[in-house]
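Now for the letters of each chain:
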Amino acid sequence: MSSKKLFLLDAMALIYRAHFAFSKNPRVNSKGMSTGAVLGFTNTLWDIIKREQPTHIAVAFDTPKPTFRHVQFPEYKAQREAQPEDITVAIPYVKKMVKAFNIQLLEMDGFEADDVIGTIAKRCPSEGFEVFMMTPDKDYGQLVDEHIFLYKPAFMGNSFEVMGIPEILKKWDIERIDQVVDMLGMQGDAVDNIPGIPGIGPKTAAKLLHQFGSVEGVIENSDKLKGKQKERVEENAEQAILSKELARIKTDVPIECEVERMTYNGFDEAALKELFEELEFRTLGKRILGEELKKKTKAAPKKPAQGQQMSLFGAQPAAAATAEVEEEEEQVPATHLTIDLHPHDYRAVTTAEERKRLIHFLSLQKEFCFDTETTGVDPFEAELVGMSFGWKKGEAFYVPVPADEAGAKAIVAEFAEVFANPATMKIAQNIKYDMIVLENYGVKVKGKLFDTMLAHYLLEPDKRHNMDVLADTYLNYTPVSIETLIGKKGKKQGSMRDVDLALITEYASEDADITFQLKEELEPLLKKEAKLQELFSDVECELVPVLAAIERNGVKIDTEALKIFSDELQVSISELEKSIYQEAGTEFNINSPKQMGEVLFDKIKLVDKPKKTKTGQYATGEEILVNLASEHKIVENILEYRQLQKLKSTYVDALPELISPKDNLIHTSYNQAVAATGRLSSTNPNLQNIPIRTDKGREIRKAFVPRNNDYVIMAADYSQVELRIMASFSKDEVMIDAFRQGRDIHATTAAKIYNVPLEEVDGDMRRKAKTANFGIIYGISAFGLSQRLNIPRKEAAEIIDAYFNEFPSIKAYMDEIVNFARENEYVETILGRRRYLRDINSRNANMRGFAERNAINAPIQGSAADVIKMAMIKIQNWMVKEGLKSKMIMQVHDELVFDVYKSELELLKSKVTELMENAVELEVPLMVEAGVGETWLEAH
């Protein structure tokens, strides 16, 4: 291979790839600029320079002007969505970055980067170059030859891939490289809106090319084809030829090919430093502008000499072993570190003596990280396979436990004292899961907690919080995938119980090590904001054992009542089905949106111009049907049919399946780090979505009953908590006075809006005022209010205008909070919970409007979450202190539900109300309504 290596980078393909890689975990600097696309591109560029050491390099850009393809085919790329705003902002910075690296920048109006790269690639091999076209775009395969290669960059943990002639032929299942354009000509390209021949996909296209050699050959031999395939080829022959030409990359672009200007002689340090400072690429800047980075070799963990115990237990301290590795090994410039590139010392602890020493070392620590390995994701049903521990970077220990319950409990019990030590902070990722698992084995986790998932949730509430994402973001690290140990999700997935000890030791120890490192990264970020640190330690982490207790307490379900209700629902569903068929004049699959659309819009013709989905079929979603319910009885019946079907399948028939065989109770799972507002969500079952607005929906609550005859259900519910928070935030005197005097807030609002005495407010006025009250919290528009109340938009606008005229301080508060958000790009709750609103200053009106509505709602809804979380912590701590038999069993929206031991009822009712009403201080009193009954429905 030639020593002259030319790398040609497709800038836009790499920028888009970087943008989407960071889309779920965006990088934003202190000025609010989204920098993910620039960071990703720069990482890729530097990775190539260091790994491949090109002698020559250039980066090609598209220009905004139309190309010759747009002239040939105006629909070319017409269906593409508008370029994301973040990419538009990124492009000039990427160009600056390329220039700061002293790399040749290529672009030419009327041609795409593909054509520019194709032209230069084909010219340079004659000058003795090996050319690498760096892009994720498969179409470049048509340019590959003996000296030109497609270089696909590393992505999402996958390594880079270099594709020559054999690899391209195999990938496309073709015989000649030039057949790549024939493939594209027949199958088309949805991304670029190249039509191809409808109905012909990759396999069919490859088969036809094996038979006839080219698109032209297929067309000439169409008489040898049969049926639909013959028709499609003949009908779309001209389109196929055009598609082939559109897909062909030009190699004769009139661009100067001055190879000497593409020579890479290093970057402009001053220009790069200035750019890194502006973009706030501190880590990347240190990596590139710091000490010269050398090539890294794989770091093998130090093994003790024969006869020596592991470093923890004897001769050499583990930290020293790790330090030696770090001193001997060179720093790595990899895009992603992995377990193979990360110096580490992970050990299995398999004997009683080794466990005793590990426990001794754990007892000496101010903090340690731990993780559990189990046979499943349900903490109540899963069996413990092992535990891992760590308290130093690069060092961790794995303790396997046997499958038999008695043996496992005996080993876990050895660690009971260190887990219960109140002086030691326990660190974990999603620590609630581990706490529940350990309690199954008789061990409680006590003392201060640090949950890395919750820490990141407070720092970046809108992003993902799983360990892999955090490791990538903060440590530049890709952990071992569980699928490499037990296979992909599904019926064939194996069990951690069957994994080889050496493999599970590496996997489990890595979890503890990386989580410990994440704590070291996240803790300083929390401490920068005193309110966030307090919210984290005093609320979110304190709530973890409360939620673990609620989940463990479980809920009793009356399965017989659900069975009777299921039968009743089936009768109603069958009757509705008959009515729908009768009104349609035909039988059809009511659960098929396609068939339903044809009945409603082709047969019955409900509207002249019905909406369609992207796939071309009629839209029959709930929003569409609700607006058509008054047009025809069939729509009303379809909506009710859907509602009853969902009720039956999602709750009535599903709840009994969730009952644990261990105690015949349902154990839901509460999620602290899902809703960006701070609200809790729940799964298996989703208690938050159990219907309450319809009679049949409420029936489900009848099935939630006390655990036995010694208990009764009590439900304590905050009354209008969000409105009270709004009144408190806005300091509106009328609202504050109404709440303090205990007046009906909706009637008071109606009296003000309609300018009538309180006693003259009728039901319709109150209903509209109530909708306005709650709608205003969500930044409702006149259109939205008109839809909710089914009134003309003009009347809705008048109600909103009257509302703000009568409650000017609420309007002032809303304006003030939106202005605060524009300045700071976040809003806060009572306890300092933040909701980041990075689109608040967007040039896109829809995105900006959505952010403005969130600016109004997030502090209120988030503060309501703060309130009930504080109440839960206080109540649970009090119940534990008093040694009560009663149990908190559910949290749903603004309501707490208890299984109350009958002799404790009056005490609990009084104290729970008191603690809930005094959870936080507001300008207005918090009010709680507590009810008691033999079912949740009776108590609610």
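Residues numbered from 1 in each chain as written. Predicted model: local features only at pLDDT ≥ 70, side-chain atom pairs only at ≥ 80, totals over all residues. Heavy atoms only, no water.

**A closer look at the overall build of the chain**
Here's step 1: A count of helices and strands for the chain gives 38 helices and 22 strands.
Here's step 2: For 940 residues, the compact-globule formula gives about 30 Å, and the C-alpha radius of gyration of the chain, at 33 Å, lands near that figure.
Here's step 3: Overall, the C-alpha framework of the chain stretches about 90 × 85 × 55 Å when taken along its three principal axes.
Here's step 4: Looking at the chain residue by residue over its 940 residues, the buried ones come to 53%.
Here's step 5: Across the chain, contacts joining residues at least 24 apart in sequence account for 68% of those joining residues at least 6 apart.
Here's step 6: Summed over all atoms, the accessible surface of the chain reaches about 43,700 Å², with 49% contributed by carbon and sulfur.
Here's step 7: Charged side chains in the chain number 119 positive and 148 negative. The centres of these two groups are separated by 1 Å. (Helix = DSSP H or I, 4+ residues; strand = E, 2+ residues; numbered from the N terminus. Rg over C-alpha atoms; globule rule 2.2 N^0.38 Å. Buried < 20%, exposed > 50% of the residue type's maximum accessible area, 1.4 Å probe, protein only. Contact = heavy atoms within 4.5 Å. Areas by Shrake-Rupley, 256 points an atom, 1.4 Å probe, with all protein chains shown as cover. Lys, Arg positive; Asp, Glu negative; His and termini not counted. Charge placed at Lys NZ, Arg CZ, Asp CG, Glu CD.)

**Re the sheet that holds strand E1 (residues 5-10)**
Here's step 1: One open sheet holds the 6 strands; their spatial order is E3-E2-E1-E4-E5-E6, and the pairing between them is mixed. Looking at which strands have only one partner, the edges of the open sheet turn out to be strand E3 (104-106) and strand E6 (161-163). The mean inter-strand angle of the sheet, taken between neighbouring strand axes irrespective of direction, is 25°.
Here's step 2: Pairing of E1 with strand E4 (residues 130-134) involves 5 bridges; the strand directions are parallel. Bridge pairing links Leu6 to Val131 in E4.
Here's step 3: Sitting on the sheet, helix H2 (residues 36-52) touches E1, strand E2 (56-60), E4 and strand E5 (148-152), and the angle it makes with E1 is about 170°. (Pairing = 2+ DSSP bridges. Axes fitted to C-alpha atoms, helices over the stretch in contact; angles between N-to-C directions.)

**Examining the packing of aromatic side chains**
Here's step 1: Evaluated as defined, the whole model comprises 26 aromatic pairs.
Here's step 2: Ring-pair connections join several aromatic residues into one group, and the members of that group are Phe368, Phe370, Phe389, Phe415 and Phe419.
Here's step 3: One Lys or Arg, Lys811, reaches over the ring of Phe804 and ends 5.7 Å from the middle of that ring. (Phe/Tyr/Trp six-rings, centres within 6.5 Å; stacked < 30°, edge-to-face > 60°. Lys NZ or Arg CZ within 6 Å of the ring centre and 35° of its normal.)

**Observations concerning the pairing of strand E21 (residues 895-901)**
Here's step 1: Here E21 lies mainly inside the structure; 6 of its 7 residues are buried.
Here's step 2: In this sheet, E21 lies alongside strand E17 (residues 711-718) in antiparallel orientation, the contact comprising 7 bridges. Its bridge partner being in E21, Ala716 is matched across the sheet by Leu896.
Here's step 3: Across 5 bridges, the pairing between strand E20 (residues 887-892) and E21 is antiparallel. Bridge pairing in E21 links Val892 to Glu895.
Here's step 4: Here E20 hands over to E21 after 2 residues, with His893 in that stretch at a positive phi of 55°.

**Some points on the packing of helix H1 (residues 11-21) against helix H4 (residues 85-100)**
Here's step 1: Running from N to C, H1 and H4 cross one another at 125°; their axes reach a closest spacing of 11 Å. Judged by the inter-axis angle, H1 sits oblique to H4. Considering the relative orientation of H1 and H4, their crossing is right-handed. Mapping the contact onto sequence places Met12, Ile15, Tyr16 and His19 in H1 and Asp86, Ile87, Ile91 and Val94 in H4.
Here's step 2: Residue classes in the contact of H1 with H4 are distributed as 6 nonpolar, 1 polar and 1 charged. (Parallel < 35°, antiparallel > 145°, perpendicular 65-115°, else oblique. Left-handed = near helix turned anticlockwise from the far one by under 90°. Nonpolar A, V, L, I, M, F, W, Y, C, P; charged D, E, K, R; others polar.)

**Here we look at the side chain of Ser786**
Here's step 1: Tracing the backbone shows Ser786 in helix H33 (residues 782-789).
Here's step 2: Apart from residues no more than four positions distant in its own chain, Ser786 is found in contact with Ile791, Pro792, Arg793 and Ala796.

**Remarks on the pattern of salt bridges**
Here's step 1: Throughout the structure, instances matching the rule amount to 52 salt bridges.
Here's step 2: Notably, a salt bridge pairs Glu699 with Lys702, separated by 3.3 Å at the nearest N-O pair.
Here's step 3: Judged by relative accessible area, which is 39%, Lys702 ranks as partly exposed.
Here's step 4: The salt bridge involving Lys731 is made with Glu923; its shortest N-O contact spans 4.0 Å. Here Lys731, found in the loop between helix H29 (721-730) and helix H30 (733-741), pairs with Glu923, found in the loop between helix H37 (905-917) and strand E22 (928-933); they are 192 residues apart in sequence, far enough to count as distant.
Here's step 5: The exposure class of Lys731 is exposed, given its relative accessible area of 51%.
Here's step 6: A cluster of three or more residues bridged by salt bridges with shared partners is formed by Glu367, Lys519, Glu523 and Lys527. (Salt bridge = Lys/Arg side-chain N within 4 Å of Asp/Glu carboxyl O.)

**Examining unusual backbone geometry**
Here's step 1: Residue Asn684 is joined to Pro685 through a cis peptide bond whose omega torsion reads 0°.
Here's step 2: A positive phi angle is found at Asp173, which is not glycine, with a value near 55°.
Here's step 3: Inspection of the secondary structure assignment puts Asp173 in the loop between helix H6 (165-172) and helix H7 (179-187).
Here's step 4: Positive phi outside glycine occurs at His893, with the angle close to 55°.

**A look at H4**
Here's step 1: Along its 16 residues, H4 runs 24 Å from first to last C-alpha, staying within 8% of the 22 Å computed at 1.5 Å per residue.
Here's step 2: Along H4, the sharpest kink reaches roughly 30°, centred on Ile91 and followed within four residues by the proline Pro92.
Here's step 3: In this fold, the buried residues of H4 make contact with H1, H2, E2, E3 and helix H12 (269-279).
Here's step 4: Asn102 sits one or two residues past H4 and shows a positive phi near 60°. (Expected span 1.5 Å × (residues − 1). Bend = angle between axes of the 7 residues up to and from the residue.)

**Here we look at H7**
Here's step 1: For H7, the buried fraction is high: 8 of the 9 residues fall into the buried class.
Here's step 2: All of the buried residues along H7 are Gln179, Val180, Val181, Asp182, Met183, Leu184, Gly185 and Met186.
Here's step 3: Downstream of H7 by a residue or two, Gly188 has a phi angle that is positive, lying close to 75°.

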